[in-house]
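Chain residues, written in single-letter form:
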Amino acid sequence: MKKFKFFFLAILLGAAFFSCKSDKKPAADDAKTKASDALSLTKYEMDRGSQIYFDRCAGCHGSTRKGATGPSLLPEGDGKFAATKDLGAAGLRVFIENGTPAGMPEWKGILSEDEIELMTRFLQVDPPVTPPFELSHITDTWKVIVPVADRPTKPMHKRNIDNYFGVIMRDAGKVAIIDGDTKEKLAVLKTGFAVHILRSSASGRYYYSIGRDGRITMIDTYPKVPQIVAEVRASFDARSVEVSKYKGPKGDFYDKYLIAGGYNPSHFVIFDAQTLEPLSVTKTSGKACDGDKEFVEEARVASIVASHTDPIWVVNVKETGMVWLVDYTDPRNPQSTKIPSARFLHDGGWDASERYFLVAANASNKVVVVDVPNKKLEAIVDVGIKPHPGRGANIKNKWGQLWVTGHLGEGKLACIKTDKGKGQWTVVKEVKLPGNGGGNLFVKTHPKSKHLWVDRTLNPDAALNSAVTVIDVNTLEVIKQLTMPAEVNGRAVHMEYNKAGDEVWVSVFMGDESGLVIYDDKTLKVKQIIQGDWVENATGKFNMYNTTHDIY
Ligand code: DHE
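Caption draft 1: Spatial organisation of the coordination of the iron atom of the ligand. Exactly one protein atom donates to the iron atom of the ligand; that atom is His196 (NE2), 2.1 Å from the metal. Within the secondary structure layout, histidine 196 lies in strand β5 (residues 195-200).

Caption draft 2: Broad picture of the state of the cysteines. Summed over all chains, the structure comprises 0 disulfides. Looking at cysteine 60, it has no disulfide partner, and the nearest cysteine sulfur is the one in cysteine 57, 8.8 Å off. Not engaged in a disulfide, the cysteine cysteine 289 finds its nearest cysteine sulfur in cysteine 60; these two sulfurs lie 18 Å apart.

Caption draft 3: Inspection of the sheet that holds strand β4 (residues 185-190) at higher detail. Spatially, 4 strands are ordered β4-β3-β2-β35 in an open sheet, and the strand pairing comes out antiparallel. Every interior strand has two partners, whereas the edge strands, β4 and β35 (538-543), have only one. Here the strands of the sheet are splayed against their neighbours by 20° on average, with no regard to which way each runs. With 4 bridges connecting them, strand β2 (residues 164-169) and β35 associate as antiparallel partners. The partner of methionine 169 across the bridge, within β35, is alanine 538.

Caption draft 4: Spatial organisation of the pattern of salt bridges. Under the counting rule described, the total for this entry stands at 29 salt bridges. Among the ionic pairs, glutamate 231 bridges to lysine 143, the shortest N-O distance being 3.7 Å. Note that glutamate 231 is positioned in strand β8 (residues 227-233) and lysine 143 in strand β1 (residues 143-144), a separation of 88 residues in sequence. What makes glutamate 231 buried here is its relative accessible area of 15%. Between lysine 412 and glutamate 430 there is a salt bridge, and its shortest N-O distance comes to 2.9 Å. Residue lysine 412 is found in strand β25 (residues 412-417), and its partner glutamate 430 is found in strand β26 (residues 427-432); the two are separated by 18 residues along the sequence. With relative accessibility at 15%, the residue lysine 412 sits in the buried group. Among the charged side chains, a network of salt bridges with common partners joins Glu45, Glu117 and Arg121.

Caption draft 5: Region of interest: the side chain of histidine 446. Among the structural elements, histidine 446 can be located in the loop between β27 (443-444) and β28 (451-455). Leaving out residues up to four positions away in the same chain, histidine 446 has contacts with Tyr497, Asn498, Lys499, Ala500, Gly501, Asn546 and Ile551.

Caption draft 6: Seen up close, the site of the ligand. Lining the immediate environment of the ligand, one finds 21 residues, of which His196, Arg199, Arg212, Tyr263 and His494 sit closest. One nitrogen or oxygen atom from the side chain of histidine 196 is found 2.9 Å from a nitrogen atom belonging to the ligand. In this structure, an oxygen atom belonging to the ligand sits 2.6 Å away from a side-chain N or O atom of tyrosine 263. Looking at the shell around the ligand, the elements with two or more residues in it are α3 (43-61), β5, β9 (237-243), β15 (301-306) and β35.

Caption draft 7: Region of interest: the pairing of strand β12 (residues 278-283). In this structure, strand β11 (residues 267-272) lies alongside β12, joined through 5 bridges in antiparallel fashion. Across the sheet, phenylalanine 268 pairs through a bridge with threonine 282, a residue of β12. Where β11 folds back on β12, the antiparallel hairpin that results is connected by 5 residues, among which leucine 276 adopts a positive phi of roughly 70°.

Caption draft 8: The arrangement of the packing of aromatic side chains in detail. The tally for this structure, following the rule as stated, stands at 14 aromatic pairs. Arranged with centres 6.3 Å apart and planes meeting at 40°, the rings of tyrosine 53 and phenylalanine 122 form a pair that is tilted. Note that tyrosine 53 is positioned in helix α3 and phenylalanine 122 in helix α5 (residues 113-122), a separation of 69 residues in sequence. For the ring pair tryptophan 350 and phenylalanine 357, a centre distance of 5.9 Å and an interplane angle of 75° mean the geometry is edge-to-face. Pair check on accessibility: tryptophan 350 and phenylalanine 357 agree, each one buried. Connected via pairs of aromatic rings, a cluster forms that spans Tyr246, Phe253, Tyr257, Trp313 and Tyr328. It is arginine 65 that lies over the ring of phenylalanine 122; its NZ or CZ is 5.1 Å from the centre. If you follow lysine 499 out to its NZ or CZ, it ends over the ring of tyrosine 545, 4.6 Å from the centre.

What counts, and where the lines are drawn
Residues numbered from 1 in each chain as written. Predicted model: local features only at pLDDT ≥ 70, side-chain atom pairs only at ≥ 80, totals over all residues. Heavy atoms only, no water. Donors = N, O, S within 2.8 Å, 3.2 Å for Na, K, Ca; no water. Helix = DSSP H or I, 4+ residues; strand = E, 2+ residues; numbered from the N terminus. Disulfide = S-S within 2.5 Å. Pairing = 2+ DSSP bridges. Axes fitted to C-alpha atoms, helices over the stretch in contact; angles between N-to-C directions. Salt bridge = Lys/Arg side-chain N within 4 Å of Asp/Glu carboxyl O. Buried < 20%, exposed > 50% of the residue type's maximum accessible area, 1.4 Å probe, protein only. Contact = heavy atoms within 4.5 Å. Near = heavy atom within 4 Å. Polar contact = N/O pair within 3.5 Å; in protein donor to acceptor, adjacent residues only side chain to side chain. Phe/Tyr/Trp six-rings, centres within 6.5 Å; stacked < 30°, edge-to-face > 60°. Lys NZ or Arg CZ within 6 Å of the ring centre and 35° of its normal.

Note that every value here comes from positions in space, so none of it alone points to a role or purpose.
So, in structure tokens, the structure goes:
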């Protein structure tokens, strides 16, 4: 568990908002500060609890503990879920240690006994209050490291940038840039805390990473050694970042703007994509899609994608179930069309035509389809329990042109027909995955491949979570279950193809030996394993060409 434990050490030392208050155990820690009438936690314990909550719980229960995909965790309750004070330490422990059938993972064995004990007390006291983070605060964090005028105008090397891989080293708060042709590590760059995703610029030159702490890092691949050229912080807690991909008649918008979505505060921020200068902030709080009278303050921004055909970003607001189509032609005063759909919106991707965006509404067991150029809701499709597609996978076979999602809550894939004809916008085929339970996070394919790859990262069975399943795109039969090689140890997560579509990279994390396992997509044999001190709980991998062109 050494690398995984290191992650928690990193959490304690991380630069996230919650840790800004105190990172070190104070010498006079024994003097307890009263934190609520019912319980008392020291300042150190409050900070540590906040940090564990921020990393492990906020994604589902909300940054302010008011509930999201998971229930609220408030001392006095919220009328829907029990007061944590009434559940008490023993009741909370049962949930933390065992998880729930609704999809909460078991934290026993992942959190230490001390951490579990702390969380059973932390969750019974009032959550810390988030300070404001507005345009002026965001601008204060903005740093141009290499001005545009000082950057090279063409690559300073002969390498194939299209086949670069940006790889997240989550626990180290770093991003590695690897040459996909030679498999050489070109740079390991210090980025935001526990980077969540990378996106690439429309020109295929820059990578942008976003940390859980909302820190955006812009990486230039033109220098011999890829280099950080600008940084800014968009929020305290974030998951998504995207560039403007619409060229426009005169190339006006190509690589011009960048957007980042905030979990906390719940807003999106538009930046100049070349310098990261913040241009505007738009709050996403509002009424929910289902006519609920309740005003949702914590309306977190989940996935964001850029249209290739219009100056539009699709911004998916989790708790309200509203899809915002944000027009970036006036980035300081962006206008949005808000489409009510279903709750809670999470991750998604384009269909093969790149006209329709499909996004999981995971609390409703549905996939929402938006016709982006026509700015309207196209369909809402019933799928399985807690869909989790990543960006999904586009395949074509006898059932038609399909977009595939897996599920967290059950072991099956749902294949939605996306082309015209009988069955369009319905699940025309389900695929049963091996073994019991769900736990799938990502699916991936490539137009040149006959394979669909599926992970089972959050399945409690080690035999399943340390393997990936390969499915025949034509027959939709399972071909093989690939257990990760002995050199690595942990859970297999997230697949990415190389540009040619003949190699698949899989990360192994949350175990003793992290690594990147590269498979030959035809033979399904291991081609190479990338390991080393610099490979620290690798998670997402983003091939420059495939990310730029939305190939999945
Ligand atoms: Fe993710 C994508 C949110 C947990 C690895 N994750 C996303 C996106 C969102 C999201 C909104 C879509 C971004 C986009 O397309 O614009 N993820 C969340 C959570 O809220 C959640 C459930 C809990 C949390 O607190 O973060 C969560 N995610 C995880 C993990 O535990 C993973 C496996 C490792 C980690 O980072 O801790 C993880 N998420 C990823 C990856 C992607 C992602 C690799 C990008 C997939 C892609 O191919 O685009």
